Each structure stands twice: as C-alpha cells, then as structure tokens.
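Below are the chains, spelled out letter by letter.
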Amino acid sequence: GALISEYGATDQSLHADFRRDIPNREDKALPPRLVTFLYLQDAPSHEHGPTVFLPATNTKEGHSSFLERQEQSQHEFPRGTARTACLNTGDVAIYDASVLHFGSA
C-alpha cells in the first residue's frame, strides 16, 4: 500500500503497526516483524512529511510508556527521543513493526 499526504493534512496518530502491549493467544515472545518504506519522493525536512520514529519503543513497556499518555499532546517527546526519517527518492527505511511512529504532515 501507499500513504499519500495531501497539502494541509495533519500528522498521523502515534502508533505501532504491530502492538507488543496486547497479549497474544499463546503468551510467547513474538519475533520482530520488519516494515520497509521505499521513498518515492524526497523528504528532506519536516515540511515534506517524513515518518518520525521513537527508537527503543518496540516493547510492551515502550508502548505503555507512550501510549498511556494519550491525553497529553502525543507529539511532545523527551528531547532526543524522536528520530525523523528525512530521506531521498529511492532510499529505504526498514524498521521493526513494533516501533512507535507517525507520519508527519
């Protein structure tokens, strides 16, 4: 699939493509699931709507610490915790589907 942001769109909600804080049926450790983003256009700055990642949030504890604060502004993070994927056409971002992230607009 593809995600296209229109001019004037707002940021996506903070989310993980695969949640670690929801119990699975077998209560076993689940393997990482990788997602690949192929950039079809340059996203050299925040104005271009790159994806913003929160490293080290691919755990149950990571999800709980950020997602429980939904009443706060979800895009205010402790300094240095967010990483913006400012990439160029043809670049690829590969990440664990459990990492919290959002598409900026």
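These numbers come from a predicted model, not from an experiment. (Residues numbered from 1 in each chain as written. Predicted model: local features only at pLDDT ≥ 70, side-chain atom pairs only at ≥ 80, totals over all residues. Heavy atoms only, no water.)

**Some details on the overall build of the chain**
Here's step 1: Helix and strand counts for the chain come out as 1 helix and 5 strands.
Here's step 2: Mapped from its N terminus to its C terminus, the chain presents α and β elements in the order β-β-α-β-β-β.
Here's step 3: Within the chain, the fraction of its 105 residues that count as buried is 28%.
Here's step 4: Counted over contacts in the chain with a minimum sequence separation of 6, partners at least 24 positions apart contribute 88%.
Here's step 5: In the structure as shown, the chain presents an accessible area of about 7,200 Å², 52% of it carried by carbon and sulfur atoms. (Helix = DSSP H or I, 4+ residues; strand = E, 2+ residues; numbered from the N terminus. Buried < 20%, exposed > 50% of the residue type's maximum accessible area, 1.4 Å probe, protein only. Contact = heavy atoms within 4.5 Å. Areas by Shrake-Rupley, 256 points an atom, 1.4 Å probe, with all protein chains shown as cover.)

**A short note on the pairing of strand E5 (residues 100-103)**
Here's step 1: Residues Leu100 and Phe102 point to one face of E5 and His101 and Gly103 to the other, with burial holding for every one of them.
Here's step 2: Looking at chain direction, strand E2 (residues 51-54) and E5 are connected through 4 bridges and run antiparallel. Opposite threonine 51, over in E5, you have glycine 103 as the bridge partner. (Pairing = 2+ DSSP bridges.)

**Quick notes on the packing of aromatic side chains**
Here's step 1: For the structure shown, the criterion picks out 2 aromatic pairs.
Here's step 2: Among the aromatic side chains, those forming a connected cluster through ring pairs are Phe37, Phe53 and Tyr95.
Here's step 3: Positioned over the ring face of phenylalanine 18 is arginine 33, at 4.1 Å from the centre of the ring. (Phe/Tyr/Trp six-rings, centres within 6.5 Å; stacked < 30°, edge-to-face > 60°. Lys NZ or Arg CZ within 6 Å of the ring centre and 35° of its normal.)

**What about the environment of glycine 49?**
Here's step 1: Along the chain, glycine 49 falls in the loop between strand E1 (34-38) and E2.
Here's step 2: If we skip the residues at most four places from it in the chain, glycine 49 touches Ser104 and Ala105.

**Focus on the environment of alanine 85**
Here's step 1: Looking at where alanine 85 falls in the secondary structure, it is placed in the loop between strand E3 (83-84) and strand E4 (92-96).
Here's step 2: Owing to a relative accessible area of 10%, alanine 85 belongs among the buried residues under this scheme.
Here's step 3: The sequence separation of alanine 85 and glycine 103 amounts to 18 residues, and the corresponding C-alpha distance is 9.8 Å.
Here's step 4: Other than its neighbours up to four places away in sequence, alanine 85 contacts Tyr39, Ala43, Pro50, Thr51 and Phe53.

**Quick notes on the side chain of histidine 63**
Here's step 1: Note on placement: histidine 63 falls in helix H1 (residues 60-67).
Here's step 2: From its side chain, histidine 63 meets the backbone oxygen of threonine 57 in a polar contact 3.3 Å long. (Polar contact = N/O pair within 3.5 Å; in protein donor to acceptor, adjacent residues only side chain to side chain.)

In short, the description is geometric, and any link to function would need to be established separately.
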